[in-house]
Structure formats: C-alpha cells, structure tokens
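Structural characterization, general
Residue-level listing of the chains:
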Amino acid sequence: MNHPDLLTRLKLTQALVLDVDGILTDGRLHFTEQGEEHKIFHSRDGHGIKLAQKLGIEVAIISGRASPALRHRAENLGIQHCLIGIRDKGDALEALAKSLGIETRQCAVMGDDIIDLPMLNRAGVSVTVADAPAVIRARVDWVTSLGGGQGAVREFIDLLIDARDAWSTVMAEHQ
C-alpha cells in the first residue's frame, strides 16, 4: 500500500466506481466482421461485485465507450449506475456522488489510463491494475497484482472486505 491511511479511507468507501476497458476487461477490443463489439469479463470480478453490493457498497461504471455487451453485463450484475460514452470522467464522478448522496472522498475508483485521471484524482481511494501504464501506476493509491480483466477488480474488493473486517458476513451464506 502506498499510503498509511489507505485502510482508513477504505473503511469510508461507500461506492466503487469502475472503468471498463482495461479494468473489467483486458483492454483489447474485439470486433466481428459486421462491426459488433465483443467483451470478455472475468467471472471472479462479477462475483466480487456481488460481494461488495452485499456489504452495501454501491458499484457503478463510468466508461468512455458504449457497447451492448457492457450494458448487458452491468444489468446482469445489478449495477444501476452505468454511465457510458463519458468524456469528462471527473465531472461524471462528481455527479454520481451527488446523486448517491455521498462525497467523492467516499468513492474508490479503478481506472487504467489518462482519460481516467480526472476521476482517479478526485476519489477517496484510487486504484489501477498491474498492466496499466507507468504514468498511471505512479499516481494512484494502490496497484493490483493482477492485470485488467484478470480478476483485478475482485482483488481490490477483497482488500475492501479486509478493511471492513467483513469476511464473516461475506462467508456466512457459503458455509
């Protein structure tokens, strides 16, 4: 962890805001000959999102790209705040926090590229993935050991669960 107060800030987290390409996916873009876009999501990230929601953490998406696959995945996971086609992610984070009745310092944000910096810079906790560019890794509070689309979101959610000492709650229905 880069900052000694990270654990304290994680305990204050009320919302987890995710970029998509490079965070929930490996960042590669797959198109069919007809121009249809395909995305590959990691199932453990999805399960982690459900665990975070169970703990009362609002999970949201702010993405610069729009795709039917993303909308379907967000709907499948019960993510109600799916802001897509966003160019100013910092303003989008401010608006999202306001709509949730929280401050941006109560948001943990995962992003992996320069377009994500405005929201990463305003978040209470900023996170990126192991395969993000060095310029981003140097500017966040925590870097996952996994790459985008490889379970990195789940890795961070596990850290959130640790910070809240909430494993007994998470594991209760699985025993």
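Described below are features of the structure shown in this document. (Residues numbered from 1 in each chain as written. Predicted model: local features only at pLDDT ≥ 70, side-chain atom pairs only at ≥ 80, totals over all residues. Heavy atoms only, no water.)

1. Concerning the nonpolar core
Operational definition: Buried Ala, Val, Leu, Ile, Met, Phe, Trp, Tyr and Cys residues that are joined via side-chain atoms within 4.5 Å together make up what is termed a nonpolar core. Burial status follows relative accessibility: with a 1.4 Å probe on protein chains alone, a residue under 20% of its type maximum counts as buried, one over 50% as exposed, and anything between as partly exposed. Helix and strand assignments come from DSSP, with helices taken as H or I runs of at least 4 residues and strands as E runs of at least 2, each series counted from the N terminus. Any pair of residues with heavy atoms lying within 4.5 Å of one another is described as a contacting pair.
Of all hydrophobic cores here, the largest spans 54 residues; its most connected members are Leu 16, Leu 18, Ile 49, Met 110 and Phe 156. Of the residues forming this core, the biggest block, eight residues, is contributed by helix α7 (residues 152-163). Other than its neighbours up to four places away in sequence, Phe 156 contacts Leu 10, Leu 16, Ala 108, Met 110, Val 125, Val 127 and Trp 142.

2. Quick notes on the packing of helix α2 (residues 43-54) against α7
Basically, it comes down to this: Fitted lines through C-alpha atoms give the axes, limited to the stretch in contact for helices. The angle between two N-to-C directions lies from 0 to 180 degrees. If an angle is under 35 degrees, it is roughly parallel; if it is over 145, roughly antiparallel; if it lies from 65 to 115, roughly perpendicular; otherwise it is oblique. For any pair of crossing helices, the crossing counts as left-handed if the nearer helix is rotated counterclockwise from the farther one by less than a right angle, and right-handed if it is rotated clockwise.
Taken N-terminus to C-terminus, the directions of α2 and α7 make an angle of 30°; their axes are 7 Å apart at the nearest point. As the angle between them shows, α2 and α7 are arranged roughly parallel. Crossing of α2 against α7: the hand is left-handed. Seen from α2, the contacting residues are Arg 44, Asp 45, His 47, Gly 48, Ile 49, Leu 51 and Ala 52; seen from α7, they are Ala 152, Val 153, Arg 154, Ile 157 and Ile 161.

3. Observations regarding the packing of aromatic side chains
Defined as follows: Each aromatic pair joins two rings of Phe, Tyr and Trp (for Trp, the six-membered one) with centres within 6.5 Å, and gets the label stacked for planes under 30 degrees apart, edge-to-face for over 60, and tilted for any other angle.
A full pass over the atoms with the stated rule returns one aromatic pair. Each ring, one from Trp 142 and one from Phe 156, has its centre 5.9 Å from the other, and the planes form 40°; the classification is tilted. Taken together, the positions of Trp 142 in strand β8 (residues 142-143) and Phe 156 in helix α7 put the pair 14 residues apart, joining distant regions of the chain. On the basis of relative accessible area, Trp 142 is assigned to the buried category, the value being 13%.

4. A look at the environment of Ile 40
Among the structural elements, Ile 40 can be located in the loop between β3 (37-38) and α2. Between the C-alpha atom of Ile 40 and that of Ala 60, which follows or precedes it by 20 residues, the distance is 18 Å. When neighbours within four sequence positions are excluded, Ile 40 is seen to be in contact with Leu 24, Thr 25 and His 30.

What is shown is where atoms sit, not what they do.
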